[in-house]
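Coordinate analysis (summary)
Chain by chain, the residues:
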Amino acid sequence: MKDTVNRTPEGIKIHMPEDFDGMRKAGKLAAETLDMIGPEIAPGVTTERLNALIEQFVEDNGATSATIGYRGYKHASCISLNHVVCHGIPGPKSLREGDILNIDVTVILDGWYGDTSRMFVAGAPSRKAERLIRVTHDSLMRAIEAIKPGNRFGDIGHAIQSYAESNRCSVVRDFCGHGLGRVFHDTPNVLHYGKPDTGALLRPGMFFTIEPMVNLGKAATKILPDGWTAVTRDRSLSAQFEHSVGVTEDGCEVFTLSPANRFHPFTEAASAA
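Please read these numbers as outputs of a predicted model, since none were measured by experiment.

Our next topic: the overall build of the chain. Within the chain one finds five helices and 17 strands. Taken over the C-alpha trace, the chain has a radius of gyration of 17 Å; the compact-globule value for 273 residues is 19 Å, and the two agree within 12%. Each principal axis of the C-alpha distribution contributes one length, and for the chain these read about 50 × 45 × 40 Å. Residue burial in the chain is summarised as follows: out of 273 residues, 55% are buried. Pairs at least 24 apart in sequence give 70% of the contacts found in the chain among residues at least 6 apart.

The structure is reproduced here in structure tokens:
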């Protein structure tokens, strides 16, 4: 398809107002996918079972999974447990009581990419796991509040870093958010740490993800021999939340809001599911 967008000097795409509709639909489906899977999460359930349900749901809704076939990846989701930071591979291992897990999905609907992840708990979380999840969620919310024309990408990273570190947690440096739209990954890299008033200027029409990974221990990570799974080097718990957003004339629009209000695992709606 012809690329009809403009780019900033940094190479960041500026989308047209009509492009927001495509992102809304793709983002909504990605969020609905995670809304669907939440009630299925419980001790004894395998992550490959959860992945199969996700793959079927995406297909049943007329979309495809962006991760199947991406650089040889074979699954419709990444499912990251406990000390896994990101890119956990679904498999036959059963969830245990108190496990925390991030599920990350990206769908392609009518050529547009919807990308989101959120935290879930199998059973009841430990107090330290609950604190980590709340801090990670709230750091993302503070980042979203920093998105408006005239601010800079450094303001987004600073909002995350300052909040997480003030709560005695660390922000992973090895992975970042990214531009998206009609492609899975695009300029810019959206860092989850930084200094205020630095980086590229935020402009209406920019589409990107924010997906902070926050650890209870140190920030350092390593990749396992499978080439995908990233874990904390000190084996401390890690959590992540991700939204896809678009910069508007006076702020931002979040494309991946949960229609069932289940984005945060400790909301009333999520607890009742």
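Once the structure has been displayed, the description carries forward.
A few words on the environment of Phe184. Here Phe184 lies in the loop between strand 9 (177–179) and strand 10 (186–190). Classification of Phe184 as buried rests on a relative accessible area of 11%. Sequence separation between Phe184 and Ile223 is 39 residues, and the spatial gap between their C-alpha atoms is 22 Å. Among all residues touching Phe184, those that are not within four sequence positions of it are Ala66, Thr67, Tyr70, Thr106, Tyr113, Asp115, His178 and Gly179.

Attention now goes to the pattern of salt bridges. Following the criterion strictly, the structure yields ten salt bridges and no others. Between Asp99 and Arg96 there is a salt bridge; the shortest N-O distance is 4.0 Å. Since its relative accessible area comes to 4%, Asp99 is described here as buried. The network of salt bridges with common partners includes Arg7, Lys13 and Asp186.

In this section: a positive patch on the surface. Together, Lys93, Lys222, Arg233 and Arg235 make up a region of like positive charge exposed at the surface. Turning to its location among the elements, Lys93 is positioned in the loop between strand 5 (84–86) and strand 6 (100–109). Accessibility expressed as a relative area gives 51% for Lys93, which makes it exposed.

Before going further, it helps to examine the nonpolar core. One finds Phe153, Ile156, Phe208 and Ile210 to be the most contacted residues of the largest nonpolar core, which totals 35 residues. At the level of elements, strand 7 (112–121), helix 3 (127–145), helix 4 (153–166), strand 11 (207–210) and strand 16 (243–247) are the ones that each hand at least two residues to this core. Residue contributions to this core peak at seven residues, all from helix 3.

What follows deals with the sheet that holds strand 8 (residues 170–171). The strand order across the open sheet built from three strands is 8-12-15, with neighbouring strands paired in antiparallel fashion. Sheet topology places strand 8 and strand 15 (238–240) at the edges, where each strand pairs with a single neighbour. Relative to strand 12 (residues 213–215), strand 8 is paired through two bridges, and the arrangement is antiparallel. Looking across to strand 12, one finds that Val171 is bridged to Val214.

Turning to the sheet that holds strand 14 (residues 230–232), a few remarks are in order. With respect to topology, three strands assemble into an open sheet ordered 5-14-13, the strand pairing being antiparallel. This sheet does not close on itself; its edge strands, each paired only once, are strand 5 and strand 13 (221–223). Within this sheet the neighbouring strands show an average axis-to-axis angle of 40°, counted without direction. Two strands pair when backbone bridges link them, and strand 13 and strand 14 are joined in this way by three bridges, in the antiparallel orientation. Within strand 14, the position partnered with Ile223 by the bridge is Ala230.

On to helix 3, then. For helix 3, spanning 19 residues, the distance from its first C-alpha to its last is 27 Å, which sits close to the expected 27 Å at 1.5 Å a residue. For helix 3, the set of buried residues is Ala129, Leu132, Ile133, Val135, Thr136, His137, Ser139, Leu140, Ala143 and Ile144.

Let us look at the environment of Val45. Mapped onto the elements, Val45 comes out in the loop between helix 1 (19–37) and helix 2 (47–60). It is 28 Å that separates the C-alpha atoms of Val45 and Gly217, two residues lying 172 residues apart in sequence. The contact partners of Val45, leaving out residues within four places of it in the chain, are Glu40, Leu50, Lys93, Ser94 and Leu95.

Conventions we followed
Residues numbered from 1 in each chain as written. Predicted model: local features only at pLDDT ≥ 70, side-chain atom pairs only at ≥ 80, totals over all residues. Heavy atoms only, no water. Helix = DSSP H or I, 4+ residues; strand = E, 2+ residues; numbered from the N terminus. Rg over C-alpha atoms; globule rule 2.2 N^0.38 Å. Buried < 20%, exposed > 50% of the residue type's maximum accessible area, 1.4 Å probe, protein only. Contact = heavy atoms within 4.5 Å. Salt bridge = Lys/Arg side-chain N within 4 Å of Asp/Glu carboxyl O. Patch = residues over 30% accessible without salt bridge, like charges linked within 9 Å, V, L, I, M, F, W, Y side chains within 5 Å. Areas by Shrake-Rupley, 256 points an atom, 1.4 Å probe, with all protein chains shown as cover. Lys, Arg positive; Asp, Glu negative; His and termini not counted. Charge placed at Lys NZ, Arg CZ, Asp CG, Glu CD. Core = buried A, V, L, I, M, F, W, Y, C linked by side-chain atoms within 4.5 Å. Pairing = 2+ DSSP bridges. Axes fitted to C-alpha atoms, helices over the stretch in contact; angles between N-to-C directions. Expected span 1.5 Å × (residues − 1).

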